[in-house]
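Chains, contacts and geometry: an overview
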Amino acid sequence: MVSNGQISAAQEVLDSQIQPSSIDLRLGGVAYRVQASFLRGRATTLQTKVNELVDSTIDLTQSDPPLLEPSAVYFIPLLERLNLPNGVQGIANPKSTTGRLDVFTRLITEHGDQFDRVPKGYQGLLYAEVSSRTFPIRVKAGMKLNQLRFVRGESLDPIRNGDLRQLAKRQNLVYDSRGRPTMERVGEGVELTVDLEGDDRSTIVAYKARHSPRAIDLDKVNHYDPFDFWEEIPRPRRGHIILEPGGFYLLASKERVSIPLDYAGEMVAHDPSMGEFRVHYAGFFDPGFGYGSKKGQISGTKAVLEVRAYEMPILLEDSDVVGRLHYYPMAGTPDKVYGTAIGSSYQEQGLALSKQFKRSASTEGATLGPVPAPPPPALVG
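Thresholds applied
- Residues numbered from 1 in each chain as written.
- Predicted model: local features only at pLDDT ≥ 70, side-chain atom pairs only at ≥ 80, totals over all residues.
- Heavy atoms only, no water.
- Helix = DSSP H or I, 4+ residues; strand = E, 2+ residues; numbered from the N terminus.
- Buried < 20%, exposed > 50% of the residue type's maximum accessible area, 1.4 Å probe, protein only.
- Contact = heavy atoms within 4.5 Å.
- Areas by Shrake-Rupley, 256 points an atom, 1.4 Å probe, with all protein chains shown as cover.
- Pairing = 2+ DSSP bridges.
- Arc of directions from axis to C-beta.
- Core = buried A, V, L, I, M, F, W, Y, C linked by side-chain atoms within 4.5 Å.
- Phe/Tyr/Trp six-rings, centres within 6.5 Å; stacked < 30°, edge-to-face > 60°.
- Salt bridge = Lys/Arg side-chain N within 4 Å of Asp/Glu carboxyl O.

1. Side note on the overall build of the chain
In terms of regular secondary structure, the chain is built from three helices and 24 strands. Buried residues in the chain amount to 52% of all 381 residues. Restricting the contact set of the chain to residue pairs at least 6 apart, pairs at least 24 apart contribute 80%. Accessible area for the chain stands at about 16,700 Å²; split by element, carbon and sulfur atoms hold 47% of it.

Written out as structure tokens, the structure reads:
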């Protein structure tokens, strides 16, 4: 698609942008701080809408650009543009690191009527709406916050029920906490439950974001002390925690999931029947996640769940169903798969923070430092 001009950019498209089943999209050189997010529609151009709402402009080509402030909304043109054939459409997701930092990112097309969707045959520029919900962040031109995958054909439906169960039997899609294949949660998709027990390595079952005035520079890796930005939540004595309204949490699934090489996965972002909270901003799993380069190499990987409660406190108990993983067939087996060989950050993860934080035993389940005081009763039951 790059070589035939269906994907192009103001700067050369780099090989490092091409992931197993998607392409990373890069921020352009300017960010517009706007007064509010806005609904997509066909009546006006994006530029007209932005001109009406813009408060200030940030030059992202500077070596030290101004911060993106928490809860503010920014509109950023991307470097990539598309010239799609009539039978191909696009679906976007935030990258995993973006979601784990509580940065809300949505793809926008000119004259589109849906976020994170590129219509068939689209020809034009791409834009990102970016809002960091917790931390001040610094981004620069060329950084990659979201990814775009392409679908050929009419159906966007995942495989379900009998077909999914057959795939699970052949490929071992789900493993229990001891690494044993299981079919217990396979049906409409793979149901994922929350782990509030921990394991032999650690009793830390969640991290809650602190509202820290310190900024996070997204191009720094293994740099920040996690304790400055995150509060540990140990295994609750009564098997539940209470999600505070507006709080952002990182948790892990009990199940270990596996994505075969000729499939990709997506977490259902929100199901109203599950309660007033959102699970997993990123939601996309590449071929090879929890699988490796061949069957049996890895016995599944936990899904890290990015969870935000909305207007009311939510009681979350151990083994509650918090999401559903859907599987989609690839057009073919990719030349490279998810894993350390291509620089993937979260293969065989435990309860892992984003890559900006210092990698030590802390990010894989041990404590962040000196054991803090017990959380208040309002948080831990």
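2. Some remarks on the environment of isoleucine 314
Tracing the chain through its elements places isoleucine 314 in strand S23 (residues 314-317). Using a relative accessible area of 11% as the deciding quantity, one classes isoleucine 314 as buried. Residues isoleucine 314 and proline 245, spaced 69 residues apart in sequence, show a C-alpha to C-alpha distance of 7.9 Å.

3. Notes on the sheet that holds strand S2 (residues 23-26)
With antiparallel pairing, the four strands of this open sheet are ordered in space as S2-S11-S6-S8. Each edge of the open sheet is held by one strand with a lone partner, namely S2 and strand S8 (117-118). Two elements, strand S6 (residues 88-94) and S8, share two bridges in a ladder whose sense is antiparallel. Pairing of glycine 90 across the sheet is with valine 118, part of S8.

4. Some details on helix H1 (residues 46-53)
Taken residue by residue, H1 has Leu46, Val50 and Leu53 as its buried positions. Angular distribution of buried residues about the axis of H1 spans 70°; they occupy a single face of the element. Opposite the buried face of H1, at more than 90 degrees from it, the exposed residues are Asn51 and Glu52. The elements touched by buried residues of H1 are strand S3 (30-34), strand S4 (54-59), strand S5 (73-83), strand S7 (103-109) and strand S9 (123-132).

5. Concerning the side chain of serine 212
The topology assignment puts serine 212 in the loop between strand S14 (204-209) and strand S15 (216-217). Overall, serine 212 belongs to the buried group, its relative accessible area being 11%. Sequence-distant contacts of serine 212, that is, excluding residues within four places in its chain, are made with Pro136, Asp228 and Phe229.

6. A look at the nonpolar core
In terms of nonpolar packing, the biggest core is built from 46 residues, with Leu126, Leu148 and Trp230 touching the most fellow members. Secondary-structure elements contributing two or more residues to this core are S2, S5, S6, S7, S9, strand S11 (144-152), S14 and strand S18 (248-257). Of all the elements, S5 adds the most residues to this core, at four residues. Among the nonpolar cores identified, the runner-up in size contains 34 residues, and Ile241, Tyr249, Val307 and Tyr338 belong to it.

7. Structural notes on the pairing of S2
Here S2 shows a buried face lined by Ile23 and Leu25 and a second buried face lined by Asp24 and Arg26. Relative to S11, S2 runs antiparallel, the two being bridged by four bridges. Along S11, the bridge assignment pairs leucine 25 with asparagine 146.

8. So, the packing of aromatic side chains
Under the counting rule described, the total for this entry stands at 10 aromatic pairs. Centroid distance phenylalanine 75 to tyrosine 127: 5.1 Å. Interplanar angle 20°. Geometry classified as stacked. Here phenylalanine 75 is found in strand S5, whereas its partner tyrosine 127 is found in strand S9, with 52 residues between them in sequence. Neither phenylalanine 75 nor tyrosine 127 differs from the other in exposure class; each is buried.

9. Quick notes on the pattern of salt bridges
Side chains bearing opposite charge may pair, as long as their charged atoms lie close to each other. Overall, the coordinates contain 18 salt bridges when judged by the stated rule. Measuring nitrogen to oxygen at the nearest pair gives 2.6 Å for the salt bridge that ties glutamate 80 to arginine 26. With glutamate 80 in strand S5 and arginine 26 in strand S2, this residue pair connects regions lying 54 residues apart in the sequence. Its relative accessible area of 4% is what places arginine 26 among the buried residues. Salt-bridge contacts for arginine 214 lead to aspartate 228; the nearest nitrogen and oxygen are separated by 2.6 Å. Placement of the pair is arginine 214 in the loop between S14 and S15 and aspartate 228 in the loop between S15 and strand S16 (230-234), with a sequence separation of 14 residues. Using a relative accessible area of 39% as the deciding quantity, one classes arginine 214 as partly exposed. Residue aspartate 228 is classed as partly exposed on the basis of its relative accessible area of 30%.

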